[in-house]
Amino acid sequence: PKYDEEPELLRLGLRSRVMTPLLAGVEAIGTLSLMRREPRAFTSDEVDLLSLLGRMVGSAIQNIRAFAAEHRTVEELRRLSALRADFVSMVSHELRSPMASLIGSAQTLEARWRQLEPDQRDSFLALIAHETRRLSALVDDVLDTSRIEAGTFSYSFDDVDLAQLVRDSVAIAERSQDDVRISARVGDPLPTIRADRDRLRQVLANVIDNALKYSPAGSEVQVDAY
């Protein structure tokens, strides 16, 4: 080395230095440097030993990095497993209510068909139809989740009348329950947009259903679009 370029080393009395790369495979990820006060103080055996040490330290660093990456992967898998368990629990809970209504209504119709008035039969049939649609929506949500995880979730884009989509979504929600009032206030004119109509309807339905679900009976949900 040119010691006149390293005045600080000379001030400390260091007159010889040897450096070796820290190798992770064929990639140099750092250097290892040793210095001594005596000039030309390193033997060829020491240089070879230092080179070997550089490869060993580089390999150790690579292993530590790999372990850290593996640890992060394991933690992410645990988090996803917990989310999946929560999702299965939620779906199971959501399925119980419509299934109970379907089974109860069907059993009542089967056992008391002749005793029931026509309007009572229609009421039970309407309930069965509603709960069937609800079950179908839950199954679609599960399938969409599977498609998202598999990377096969797809879209179909078209021109969408957003104002009409909001009004239709509110009307469907209004027909599906009686406990909470719901209304739409659309600030016309809304532009026609390029979007996936079914996915947008799904998003709106989820937001509206949550609002209705967590609103006390007799209250009102208002959907504004502007």
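Treat the numbers as computed from the prediction; the structure is a model and nothing was measured.

Caption draft 1: A look at the pattern of salt bridges. Applying the stated criterion to the full structure yields 10 salt bridges. Among the salt bridges present, the one from Asp144 reaches Arg147, with a minimum N-O distance of 2.8 Å. With Asp144 and Arg147 both in helix α3 (residues 118-150) and 3 residues apart, the pair spans about one turn of that helix. Since its relative accessible area comes to 33%, Arg147 is described here as partly exposed. Here the salt bridges share partners, and the residues they tie into one network are Asp144, Arg147 and Arg199.

Caption draft 2: How the structure looks around the side chain of Ser16. Among the structural elements, Ser16 can be located in strand β1 (residues 16-24). For Ser16, a relative accessible area of 5% puts it in the buried group. Within the structure, Ser16 has its side chain in polar contact with the backbone oxygen of Glu38 (distance 2.7 Å).

Caption draft 3: Layout of the pairing of strand β2 (residues 27-36). Sheet topology note: the β1/β2 ladder contains 9 bridges and is antiparallel. Each residue of the ladder has a partner; that of Pro21, found in β2, is Thr31. The turn linking β1 back onto β2 is made up of 2 residues, and Gly25 within it adopts a positive phi angle of 75°.

Caption draft 4: Structural context of the side chain of Ser169. Relative to the helices and strands, Ser169 is located in helix α4 (residues 162-175). If sequence neighbours within four positions are ignored, Ser169 has contacts with Arg201, Leu204 and Ile208.

Caption draft 5: Up close: the nonpolar core. If you look at the biggest cluster of nonpolar residues, it comprises 13 residues, and the most contacted ones within it are Val166, Val170, Ile182, Ile208, Leu212, Val221 and Val223. Ranked by the residues each element gives to this core, the list is headed by α4, at 4 residues.

Caption draft 6: Spotlight on helix α2 (residues 44-112). The terminal C-alpha atoms of α2, which comprises 69 residues, lie 101 Å apart, in line with the 102 Å expected from a rise of 1.5 Å per residue. Taken as a whole, α2 has its buried residues at Leu50, Gly54, Gly58, Val91, Glu94, Pro98, Leu102, Ser105 and Leu109. On the buried face of α2, the contacting elements are β1, β2, α3 and α5 (197-213).

Caption draft 7: Looking closely at the packing of α4 against α5. As a packed pair, α4 and α5 sit with axes 10 Å apart at the nearest point and diverge in direction by 45°. If you check the angle between α4 and α5, you find them oblique. Note that α4 runs across α5; the crossing there is right-handed. Contact residues: Leu162, Leu165, Val166, Ser169, Val170 and Ala173 in α4; Arg197, Leu200, Arg201, Leu204, Ile208 and Leu212 in α5. Looking at the contact of α4 with α5 residue by residue, the classes come out as 9 nonpolar, 1 polar and 2 charged.

Caption draft 8: Highlighting unusual backbone geometry. Phi is positive for Arg40, close to 50°, though the residue is something other than glycine. Here Arg40 is to be found in the loop between β2 and α2. The class of Arg40 is exposed, set by a relative accessible area of 82%.

Caption draft 9: Summary view of the packing of aromatic side chains. Applying the stated criterion across every chain, the model contains 1 aromatic pair. Seen in terms of ring centroids, Tyr155 and Phe157 are 6.0 Å apart; in terms of plane orientation they differ by 35°. Their pairing is tilted. The two residues Tyr155 and Phe157 agree in class, both being exposed. Positioned over the ring face of Trp113 is Arg121, at 4.6 Å from the centre of the ring.

Caption draft 10: Representation of the environment of Arg181. Mapped onto the secondary structure, Arg181 falls in strand β4 (residues 181-186). The spatial distance from the C-alpha of Arg181 to the C-alpha of Gln222 is 8.3 Å, given a sequence separation of 41 residues. If near-sequence neighbours (up to four positions away) are discounted, Arg181 is found in contact with Gly218, Ser219, Glu220 and Val221.

Caption draft 11: Spatial organisation of a nonpolar patch on the surface. A cluster of nonpolar side chains, Leu49, Leu52, Leu53 and Met56, forms an exposed patch at the surface whose accessible area comes to about 380 Å². Looking at the element boundaries, Met56 is found in helix α2.

Criteria and thresholds
- Residues numbered from 1 in each chain as written.
- Predicted model: local features only at pLDDT ≥ 70, side-chain atom pairs only at ≥ 80, totals over all residues.
- Heavy atoms only, no water.
- Salt bridge = Lys/Arg side-chain N within 4 Å of Asp/Glu carboxyl O.
- Helix = DSSP H or I, 4+ residues; strand = E, 2+ residues; numbered from the N terminus.
- Buried < 20%, exposed > 50% of the residue type's maximum accessible area, 1.4 Å probe, protein only.
- Polar contact = N/O pair within 3.5 Å; in protein donor to acceptor, adjacent residues only side chain to side chain.
- Pairing = 2+ DSSP bridges.
- Contact = heavy atoms within 4.5 Å.
- Core = buried A, V, L, I, M, F, W, Y, C linked by side-chain atoms within 4.5 Å.
- Expected span 1.5 Å × (residues − 1).
- Axes fitted to C-alpha atoms, helices over the stretch in contact; angles between N-to-C directions.
- Parallel < 35°, antiparallel > 145°, perpendicular 65-115°, else oblique.
- Left-handed = near helix turned anticlockwise from the far one by under 90°.
- Nonpolar A, V, L, I, M, F, W, Y, C, P; charged D, E, K, R; others polar.
- Phe/Tyr/Trp six-rings, centres within 6.5 Å; stacked < 30°, edge-to-face > 60°.
- Lys NZ or Arg CZ within 6 Å of the ring centre and 35° of its normal.
- Patch = residues over 30% accessible without salt bridge, like charges linked within 9 Å, V, L, I, M, F, W, Y side chains within 5 Å.
- Areas by Shrake-Rupley, 256 points an atom, 1.4 Å probe, with all protein chains shown as cover.

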